Amino acid sequence: LNMLDVLSAKEFSEKGNRVYRKIEDLEKPVIAAVNGFALGGGCELMMQCDRTVAALDSHIGLVEAGVGLIPSGSGCMELARRASLKAGDGDLFPHLKPLFEIVATGKVATSAEMAREYGFLRESDIMVMNSLEALHAALAEVRVLNAAGYRQPPEMPIRAGGLEAIASFRRAMTPTHEVGHISDHDLRIASEVANALCGGAIEAGALLDEDRYLLCEREGFHRLIGSPETQARIRHTLDTGKPLRN
């Protein structure tokens, strides 16, 4: 990748954040209709909508780790928010742990039911059996919410896993790294995922706003996109359609 490509990728990640903010500022409900694939930025866009209607056989996931990157358009922030809401005042780490494993390995849910299990879909999101009904159901849902006077809830602070959770994730990866099952660059990518998912170098339990998480995502993405290892992964995937282990 040349410098122009790197700069374009960084600009794209910043545009992703701006798109998310525009969705958040809309006064009307925004509904996502998923039929087929919602991967990477598509998954992030879907998660920021007020409601999702997904065909049962949809494939949904944050796949950026496969090309040496991390989600940079609100994916980690939104998953952190959902973990914080589930944990309430309880232990946050058990809710962050499965999300970290899913994002760091680029797992894709191969059905809407699995996407709900992975945290990409909420309990309030809707699954339809017939893929041809997804758009129709989404249009009906937006009409219902609009008629009911739906408004997006106010932004609430997200409780951070912070340095304590980041350290726990790194300790868990060390044995796998030492025996060579993951490379140095795999470890670096996973560390950036942990940082973005946990709110960065902050005290565990700190209440952070969305902008802090979005900044962690962008900074991690920028650090990785500039590395030779990630650039080699991207180039190899574009050329062959297959991931590169380096």
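So, how was this worked out
Residues numbered from 1 in each chain as written. Predicted model: local features only at pLDDT ≥ 70, side-chain atom pairs only at ≥ 80, totals over all residues. Heavy atoms only, no water. Salt bridge = Lys/Arg side-chain N within 4 Å of Asp/Glu carboxyl O. Helix = DSSP H or I, 4+ residues; strand = E, 2+ residues; numbered from the N terminus. Buried < 20%, exposed > 50% of the residue type's maximum accessible area, 1.4 Å probe, protein only. Pairing = 2+ DSSP bridges. Axes fitted to C-alpha atoms, helices over the stretch in contact; angles between N-to-C directions. Contact = heavy atoms within 4.5 Å. Disulfide = S-S within 2.5 Å. Core = buried A, V, L, I, M, F, W, Y, C linked by side-chain atoms within 4.5 Å. 1 Å grid on protein atoms, 1.4 Å probe; cavity = no way out; pocket = protein on both sides within 12 Å on 5 of 7 lines; lining within 4 Å. Points joined across faces, edges and corners; volume = space filled by probe spheres on them. Nonpolar A, V, L, I, M, F, W, Y, C, P; charged D, E, K, R; others polar. Expected span 1.5 Å × (residues − 1). Arc of directions from axis to C-beta.

**Student:** Could you give me a rundown of the pattern of salt bridges, with the residues and numbers involved?
**Tutor:** A complete count under the given rule lists nine salt bridges for this structure. Linking glutamate 101 and lysine 97 is a salt bridge whose minimum nitrogen-to-oxygen distance equals 2.8 Å. Taken together, the positions of glutamate 101 and lysine 97, both in helix H4 (residues 93–104) and four residues apart, correspond to about one turn of that helix. Lysine 97 sits in the partly exposed class, given a relative accessible area of 37%. Between arginine 223 and glutamate 192 there is a salt bridge, and its shortest N-O distance comes to 2.8 Å. Of this pair, arginine 223 sits in helix H9 (residues 210–225) while glutamate 192 sits in helix H8 (residues 184–198); the two residues are 31 residues apart in sequence, bridging distant segments of the chain. Members of the salt-bridge network, linked through shared partners, are Glu78, Arg81, Arg82 and Glu210.

**Student:** Which residues make up the sheet that holds strand S6 (residues 126–128), and what values go with them?
**Tutor:** Across the sheet, which stays open at both edges, the three strands sit in the order S1-S3-S6 with parallel pairing between neighbours. Only two strands of the sheet have a single neighbouring strand rather than two, namely strand S1 (31–34) and S6. In this sheet, neighbouring strand axes are inclined to one another by 15 degrees on average, regardless of whether the strands run parallel or antiparallel. Two elements, S1 and strand S3 (residues 51–55), share four bridges in a ladder whose sense is parallel. Paired with alanine 33 across the two strands is valine 53, which belongs to S3. Running at roughly 170 degrees to S1, helix H6 (residues 134–147) makes contact with S1, S3 and S6 of the sheet.

**Student:** Tell me about the environment of isoleucine 202, and please be specific about residues and values.
**Tutor:** One can find isoleucine 202 in the loop between H8 and strand S8 (207–208). Not counting chain neighbours up to four residues away, the residues in contact with isoleucine 202 comprise Ala160, Gly162, Leu163, Leu208 and Arg212.

**Student:** Go over the state of the cysteines, please, and point to the residues and values.
**Tutor:** Tallied over the entire structure, the rule returns zero disulfides. Here cysteine 216 is not cross-linked by a disulfide; its sulfur's nearest cysteine counterpart is in cysteine 76, at 9.5 Å. In this structure cysteine 216 comes out as buried when scored by relative accessible area, which is 6%.

**Student:** Tell me about the nonpolar core, and name the residues and values.
**Tutor:** Counting 57 residues, the largest nonpolar core has Met46, Ile60, Leu79, Leu96, Phe100, Phe120 and Leu197 as its most contacted members. Per-element accounting of this core gives the leading share, eight residues, to H8. Ignoring any residue separated from it by four or fewer positions in sequence, one finds isoleucine 60 in contact with Val34, Ala38, Leu39, Cys43, Met46, Val108, Ala109, Ala115, Phe120 and Leu121. One finds Ile31, Val53, Ala134 and Leu145 within the second-largest nonpolar core, a separate group that totals six residues.

**Student:** Which residues make up the layout of surface pockets, and what values do they have?
**Tutor:** Put simply, the largest pocket is a space of about 820 Å³. Glu78, Arg81, Arg82, Leu85 and Arg122 are the residues nearest the centre of the largest pocket, which is lined by 37 residues in total. Sorting elements by how many residues they give to the lining of the largest pocket places helix H3 (residues 75–87) first, with eight residues. Across the lining of the largest pocket, the residue classes break down as 17 nonpolar, six polar and 14 charged.

**Student:** So, unusual backbone geometry: which residues are in play, and what are the values?
**Tutor:** Its identity is not glycine, yet serine 74 carries a phi of approximately 105 degrees, on the positive side. With respect to the helices and strands, serine 74 occurs in the loop between strand S4 (59–61) and H3. You can call serine 74 buried: its relative accessible area is 0%.

**Student:** Explain helix H10 (residues 228–240) residue by residue, including any values.
**Tutor:** An ideal rise of 1.5 Å per residue puts 18 Å on 13 residues; H10 measures up with 18 Å between its terminal C-alpha atoms. Taken together, the buried positions of H10 are Thr230, Gln231, Arg233 and Ile234. Here the buried residues of H10 occupy an arc of 160 degrees about the axis, which is enough to place them on one side. Among the exposed residues of H10, those oriented more than 90 degrees off its buried face are Pro228 and Asp239. Among the residues trailing H10, glycine 241 stands out with phi positive, at a value near 75 degrees.

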